[in-house]
Each structure stands twice: as structure tokens, then as C-alpha cells.
Amino acid sequence: MRTSLLLRVLQGRGITSSLSLPSKAPALVSLNSVAFSGFGLNGLAWKSSTCRQEDTARGGSSRGSVMAAGAISLSFAASNCTLVAGKERPPVELIPKDVVLYQYEACPFCNKVKAFLDYHDIPYRVVEVNPISKKELKWSEYRKVPILVVDGQQINDSSAIISTLNEKINPKRTGLAINASTAEEEEKWRRWVDEHLVHVLSPNIYRSPSEALQSFDYITTHGNFTALERMMGKYVGAAAMYFIAKRLKKRHNIADERTALYEAAEQWMQALNNRTFMGGSKPNLADLAAFGVLRPIKHLQAGKDMMASTSIGSWYSRMEAAVGTSSRKSE
């Protein structure tokens, strides 16, 4: 009965997949035919059945998902003195009147959407979804997050949400306003975020038992959990994902977790080619996607290590300055 309850909790989080737990896993997590995909509980199952399997639509794998690790220390901002532009607020007449985001607080795809909204200073309300009951989504046939409702129009999938909303608030950003090569580069790196960057994160944040526990402490603390779900999810989820992370490494041909993470960070910085942002003097959609994916995990050890061991911190601090404070409406 206890095992059944644990299974229901974990399945409700969207972290079961075709990956199965090792046969020698501790009794705490040895649930029959249970496996986990992505971050785990509360939307940190980034590409799980509850946190949109967006890479599937793009031809990627829907199983080996990832949680991002990106801790930012106070030294990041001090590492670069470049002046950057702040928020890019659209004309008043183009700002949606009512925006509601259905999300998991720690979900990277949800944070992509929030990065876009915050940067453009678009006020929005948040509905935190319980990953088990999903009672907050009873009104919708689509049962994954993020979902954005804009003046009554429902939009699903983070990349679709951002593209649709961007067209609404930047109607002139077509034709001569953005050349073909610039648009191609932006789209290429938006896909890279969804199809590559996120895949190196789970093996990193669950690399050791202590890091797995740290990750699930963050997940359960910031999500919409009951007391029982929080208690069970932290320890059961951490133990399970520690073992699953090892299988994710093999699936994505990762020899060393940290090396793969550092290489991804440097790949992004090389693509910037000494520009302030991918978009030049101001962030474009690729900048916002990468920043959004990294932002929810900035207090995790893998993120701290990445910032300390790569050059990505300078870009990240510029993004923090440009995106600024949240435009989320207070409850």
C-alpha cells in the first residue's frame, strides 16, 4: 500500500517514463517498473508528462529530460562592466490586458515564458499547478505546463507561447526588421536550448546523493505540494533520480557530467562571438530561452560550479540586468 502511494505521487509529478530503476536500487525507491524522466517532482521533470515534452515536437527525445543547474553568485555581476539596455516594454496598445500563466515554479520551460514576460514588462498572474491532482487544469483538455492564457486565448508549449506572444507585441519584427540570417541564428539557438542544453542538466543536478537531495529540497519547497507529498517527494525522488541520472548519462552519451555542462556553457559563449547578447545590443528570443532555462536552478551546486568554471557568468549577469525584476502581479 505504501509503495502504491509512492508510485501515485511520483506518477502525478510526471516523472515516470520507460526508464526503469536499477534492480539493486534501495528499497526506498525500488518500485516495480517505475522510472523517472527529467528533474523529478513539481515540474522539474522538465520534459516529463507534466512539464511539456517539447523536444518531442521538435524531433528530440522525450525521455531523457533534464533539470538545469545554474547558480549565480554575487560575483557574476561584478565580472562585467558593460552597460546594457533594460526592459523592452511594447507600446501600451499592444500589451495584453489579462495574462495568466499556469506553471510549476521550478519548470525550466515555464521559466522561459516568465523570462520573456519579465523582459517585456508584461504583467501576468500565476496559477501554481499541483502536479498530482492538476485540479487547476480541470478546465483544459491540454494537461501539461506551461499554459498561457492571453486575453482569453489559450496557448500551449513554451516556444509556441513565446513566438505567438512575440508576434502580438512586435508586429513589425518581420520582413526588413530582421534579416534572414539573424532570424535563422535566433531559431537555431532556441532549438539548441530545448534539444541540447537541457539534456546535460539532469545528470549534473543528480550527480551525487547530496546534489540530488539538494535539488529535490528546492523542488518540493517551491512547488504546490501537500505536506505528505513534500515529505515523500524530497527523499524518494532524490534517491530515485540519483540512479536515473546514471542512465541519462548513457542515453545522451555523456562521459562526464560536469565536462558536458561546461562545454555547453562555452558553446553558448562562443556563439555570442564577443557580442553583448545573441541579439546584439539587446537580448533576442534565444537569449531569453537560455536565460529562462538556467534561472530556476541558480542555487544548485551544479550551477555554482558552471558559473565558477566557465565564462557564461558575464552573459548571465547582463541578462539579469536586462530582464530586471519580475512583472508578475502580486496575489
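Residues numbered from 1 in each chain as written. Predicted model: local features only at pLDDT ≥ 70, side-chain atom pairs only at ≥ 80, totals over all residues. Heavy atoms only, no water.

*Asks:* Could you give me a rundown of the pairing of strand 1 (residues 99-103), with the residues and numbers involved?
*Replies:* The element strand 1 is largely enclosed, with a buried count of five among its five residues. Burial of strand 1 is two-sided: the residues V99, L101 and Q103 facing one way and the residues V100 and Y102 facing the other way are all buried. As paired strands, strand 1 and strand 3 (residues 147-150) are joined by four bridges and run antiparallel to one another. By the bridge assignment for strand 3, Y102 is matched with I147. Taken together, the four bridges between strand 1 and strand 2 (residues 125-128) define a ladder with parallel strand orientation. Across the sheet, residue L101 finds its bridge partner in strand 2, namely V126. In the classification by handedness, the crossover that spans strand 1, the intervening helix 4 (residues 108-119) and the parallel strand 2 is right-handed. (Buried < 20%, exposed > 50% of the residue type's maximum accessible area, 1.4 Å probe, protein only. Helix = DSSP H or I, 4+ residues; strand = E, 2+ residues; numbered from the N terminus. Pairing = 2+ DSSP bridges. Right-handed = clockwise from strand over helix to strand, strands pointing away.)

*Asks:* So, the nonpolar core: which residues are in play, and what are the values?
*Replies:* In this structure, F116, L117, L148, W268, I312 and W315 are the most contacted members of the largest nonpolar core, which totals 68 residues. Those residues in contact with L117 that sit more than four places away from it in its chain are V99, I122, Y124, L148, L165 and S327. (Core = buried A, V, L, I, M, F, W, Y, C linked by side-chain atoms within 4.5 Å. Contact = heavy atoms within 4.5 Å.)

*Asks:* Run through the pattern of salt bridges, naming residues and quoting values.
*Replies:* A complete count under the given rule lists 14 salt bridges for this structure. For the salt bridge of D194 with K112, the shortest nitrogen-to-oxygen distance reads 2.9 Å. Here the residue D194 occupies a position in helix 6 (residues 180-195), and K112 occupies one in helix 4, the gap between them amounting to 82 residues. The same class applies to D194 and to K112, which are both buried. One salt bridge connects E211 with R258, and the closest N-O pair in it is separated by 2.7 Å. Of this pair, E211 sits in helix 8 (residues 209-222) while R258 sits in helix 10 (residues 257-272), and the two are 47 residues apart along the sequence. (Salt bridge = Lys/Arg side-chain N within 4 Å of Asp/Glu carboxyl O.)

*Asks:* Could you give an account of the packing of aromatic side chains, with specific residues and numbers?
*Replies:* Per the stated rule, a full pass over the model turns up nine aromatic pairs. Taken together, a centroid distance of 5.6 Å and an interplanar angle of 35 degrees make the contact between Y206 and F216 tilted. Here F216 lies in helix 8 and Y206 lies in the loop between helix 7 (202-205) and helix 8, a separation of 10 residues in the sequence. F216 carries the same exposure label as Y206, and that label is buried. Site record: aromatic cluster; members linked through ring pairs are W189, W192, W268, F291, W315 and Y316. (Phe/Tyr/Trp six-rings, centres within 6.5 Å; stacked < 30°, edge-to-face > 60°.)

*Asks:* For the pairing of strand 3, give the residues involved together with the corresponding values.
*Replies:* What you see with strand 3 is no split at all: I147 and V149 on one side and L148 and V150 on the other are buried throughout. Examined bridge by bridge, strand 3 and strand 4 (residues 153-156) share four bridges and lie antiparallel to one another. For I147, the partnering residue across the bridge sits in strand 4 and is N156. Linkage of strand 3 to strand 4, two consecutive antiparallel strands, is achieved through a turn of two residues, within which D151 is found at a positive phi near 50 degrees.

*Asks:* Outline the sheet that holds strand 3, supporting the account with residue identities and numerical values.
*Replies:* In space, the four strands of this open sheet follow the order 2-1-3-4, with mixed pairing throughout. At either end of the open sheet lies a strand with only one pairing partner, and these are strand 2 and strand 4. Across the sheet, the mean angle separating the axes of adjacent strands is 20 degrees when strand polarity is ignored. Sheet strands in contact with helix 5 (residues 158-169) are strand 3 and strand 4, and its direction is about 135 degrees off that of strand 4. (Axes fitted to C-alpha atoms, helices over the stretch in contact; angles between N-to-C directions.)

*Asks:* How would you sum up the state of the cysteines? Please name residues and give values.
*Replies:* Considering all chains together, one arrives at zero disulfides under this definition. Its sulfur unpaired, C110 is 3.3 Å from the next cysteine sulfur, which belongs to C107. The exposure class of C110 is buried, given its relative accessible area of 0%. (Disulfide = S-S within 2.5 Å.)

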